[in-house]
Each structure stands twice: as structure tokens, then as C-alpha cells.
Amino acid sequence: MSAAALELAGVACTFVSKDDASQRYTAVRDVSLTVGAGEFVSVVGPTGCGKSTLLNVAAGLLSPSTGSVKVFGQPLQGTNRRAGYMFQAESLMPWRTAAQNVMAGLEFRGAADARPQAEEWLRRVGLGGFGDRYPHQLSGGMRKRVSLAQTLVLDPDIILMDEPFSALDVQTRQLMENEVLALWAAKRKAVLFITHDLDEAIAMSDRVIVLSAGPGSRPIGEFVIDLERPRDVAEVRTTPRFVELHQAIWNVLRDEVLKGYAQQLQVKAA
Ligand SMILES: Nc1ncnc2c1ncn2[C@@H]1O[C@H](COP(=O)(O)OP(=O)(O)OP(=O)(O)O)[C@@H](O)[C@H]1O
């Protein structure tokens, strides 16, 4: 059997306060999860449970306190060079045009054809002809498309996405989700997708992993999403199987979400 694209085994992450080393917080504990080559896996969980922490571990931006990370069977050391990232926050350089933003990573690699590749990817994400615009001259949805092109132009084998569309309005978000699915279907890269939106997770994924509330979050449920592809994220939500899956996953997630909110309220009150 070929190795998984990404494998986290027994991962725990404990953060130690800079001011007081006795102050420790274990965000995640005993996390084992895999993403197969070409598989689309989402992780859902209550706010603050450690979803981004796990994505940072997969990206090699954060070393786990215990446990191991393998990328296509090889232990991960340093940043994950097989992966591309798309985060929640705006990642575009405001002083560069859309095309120059998309080209940046290729230029860094010394690619001679950075400009035509960037133009081609802008076209694929529906922004052909917008390459000369600066980020402030684009809408939020368009900027996300540029970010998507910026990630995909590097042709990563693994795509790590942390709530990439959470800042978008519902319609733009659904358009972007469908575009990501179409691009994913064409290239079949491994995707680890973090979201707090269960509908989005089900509509997009092959598998949904549910994390418990923190501290010490860990996977408490794993669901295979057997909805037919290709999917339209808006239409698939109306199918009986989607509703069934939603109910089954929500049954596991509901209590954790309530715990997560209760903890946030305690932190605020303290
Ligand atoms: N560098 C850090 N130092 C200390 N604590 C941290 C650090 N990074 C994350 N945490 C804590 O670890 C927990 C998990 O954070 P993380 O951002 O991974 O959660 P999340 O599930 O992505 O949250 P959200 O759904 O709100 O985006 C939180 O309680 C957070 O405060």
C-alpha cells in the first residue's frame, strides 16, 4: 500500500507561557489522522479546539511536543515543502499586482516561466485580464481567488486550508467552494481542510474528522462522506443523504461546541 500523503501519529501540542514556564496549555493530545494521496479531508471542531494548531503541525510551522508527522512516508523535518497553504487571513502583498502575487513563489524557485504560469492560473480561477490589478482594486472574493491561484500555481501535492472562505458572503463562498472542488477533481491533490462550518465540510470532503473541545482536543468521530461527485455545494445540501450525514455528525459535535462556548465565556469572565 502506498504511504499516506500526510500522517499525524499521537500528536500533542503543549504551549508554554513565555512569562511563566509553569503556565502550560495542551491544545491537542493523542491526535492521529491521515490524509490519503488525492483525498479531501476536513477537520471540524468547536472554536479554539486546536484545528489551526494541527494545520500548523502539518505545515511544519509548529513542531509537536510529542508524536510524529510523516509526509508521503517520510518524517517531516522543518517546513512541509510538499504542501501549499491557504489561510483565513489575507495573504496577498498589497504592493504587488495580482499576477505578481501569483508569480512570487515561482520567482523564489527561479522559474523562468513565472509570468505565463501566473496568467494561466489567474485565468483558471476566473481572473483572466485582472493580472494588473492591485489587491485593493479587487473584491474580497477576487482576492481569495488570487490566493488560491498563488497556492495552486506551485503545484503542491498537499493543500492545507484553514477556513479560507470564512470572510466571504454566502454566495461568493459557494462559488469558491465549487471552484476548489473542480480544481481538486482535475488534479486530485491531498487536501486537509479546516473549518468550523459543518455544511461546508460535508459538501466538500471525502472524510470529516470531528475534534473534541479543548484542552487536549482529540478526534472523537470520523465520517466517510459517500455523496456522489461531482458535487454542487449548494445542491448537495438538499439531498436526503446530506441531511442524514449532517445529523449523524452534529450528534457528535453538538456537545463539544457547547463545551467550547462555555470555556470561552469562562476565559472572558476571568
Ligand atoms: N502560540 C500559542 N501559544 C499559546 N497558546 C496557543 C498558541 N496557539 C494556539 N494556542 C491555544 O491553543 C488553543 C487552540 O488554538 P487554535 O487556534 O489551534 O484553535 P482553532 O480550533 O483553530 O480555533 P478557531 O476555531 O477559533 O479558529 C487555543 O486555546 C489557543 O489559545
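Look up a bit, the structure's there.
Scope of this entry: the structure provided in the associated data block. Computed from a prediction, not measured in an experiment: that's the story for all the values here.

This paragraph deals with the sheet that holds strand S1 (residues 6-16). Here four strands make up an open sheet; going across it, the order is S2-S1-S4-S5 and the pairing antiparallel. Each edge of the open sheet is held by one strand with a lone partner, namely strand S2 (24-35) and strand S5 (74-75). In the sheet, S1 pairs with strand S4 (residues 66-71) via five bridges, with the strands oriented antiparallel. Bridging from a neighbouring strand, Leu 6 pairs with Val 71 of S4. Across the sheet, helix H1 (residues 51-59) lies against S1, S2 and S4, angled at about 120° from S1, the strand it touches most.

Looking now at helix H5 (residues 170-187). The terminal C-alpha atoms of H5 lie 26 Å apart, and with 18 residues this matches the ideal 26 Å at 1.5 Å per residue to within 8%. For H5, the complete set of buried residues consists of Met 176, Glu 177, Val 180 and Leu 181. On an axial view of H5, the arc spanned by its buried residues comes to 140°, and they lie on one face. Projecting away from the buried face of H5 at angles above 90 degrees are the exposed residues Gln 171, Ala 182 and Ala 186. On the buried face of H5, the contacting elements are helix H4 (140-152), helix H6 (198-204) and helix H7 (233-236). Note on H5: the residue one or two positions beyond its end, Arg 188, has a positive phi of about 50°.

Interaxial distance between helix H2 (residues 98-109) and helix H3 (residues 114-124) falls to 8 Å at its minimum, and their mutual angle equals 125°. With respect to their mutual orientation, H2 and H3 come out oblique. The handedness of the crossing between H2 and H3 is right-handed. Contacts between H2 and H3 involve Ala 98, Ala 99, Val 102, Met 103, Leu 106 and Glu 107 from the former and Ala 114, Arg 115, Gln 117, Ala 118, Glu 119, Trp 121 and Leu 122 from the latter. In terms of residue class, the contact of H2 with H3 is made up of nine nonpolar, one polar and three charged.

The complete set of buried residues in H3 reads Ala 114, Ala 118, Trp 121 and Leu 122. Around the axis of H3, the buried residues are gathered within 105° of arc, so they sit on the same side. At its buried positions, H3 is contacted by H2 and H4. Looking one or two residues beyond H3, the residue adopting positive phi is Gly 126, at roughly 80°.

Attention shifts here to the environment of Leu 92. Here Leu 92 shows up in the loop between strand S6 (83-86) and H2. Accessibility expressed as a C-beta count within 10 Å gives 21 for Leu 92, which makes it buried. Distance in space between the C-alpha atoms of Leu 92 and Asp 30 is 35 Å, their sequence separation being 62 residues. Not counting residues within four places of it along the chain, the set of residues in contact with Leu 92 comprises Asn 101, Pro 135, Arg 143, Val 146 and Ser 147.

Rules behind the numbers
- Residues numbered from 1 in each chain as written.
- Predicted model: local features only at pLDDT ≥ 70, side-chain atom pairs only at ≥ 80, totals over all residues.
- Pairing = 2+ DSSP bridges.
- Helix = DSSP H or I, 4+ residues; strand = E, 2+ residues; numbered from the N terminus.
- Contact = placed C-beta atoms within 7 Å.
- Axes fitted to C-alpha atoms, helices over the stretch in contact; angles between N-to-C directions.
- Expected span 1.5 Å × (residues − 1).
- Buried ≥ 20, exposed ≤ 12 C-beta atoms within 10 Å, placed from the backbone.
- Arc of directions from axis to C-beta.
- Parallel < 35°, antiparallel > 145°, perpendicular 65-115°, else oblique.
- Left-handed = near helix turned anticlockwise from the far one by under 90°.
- Nonpolar A, V, L, I, M, F, W, Y, C, P; charged D, E, K, R; others polar.

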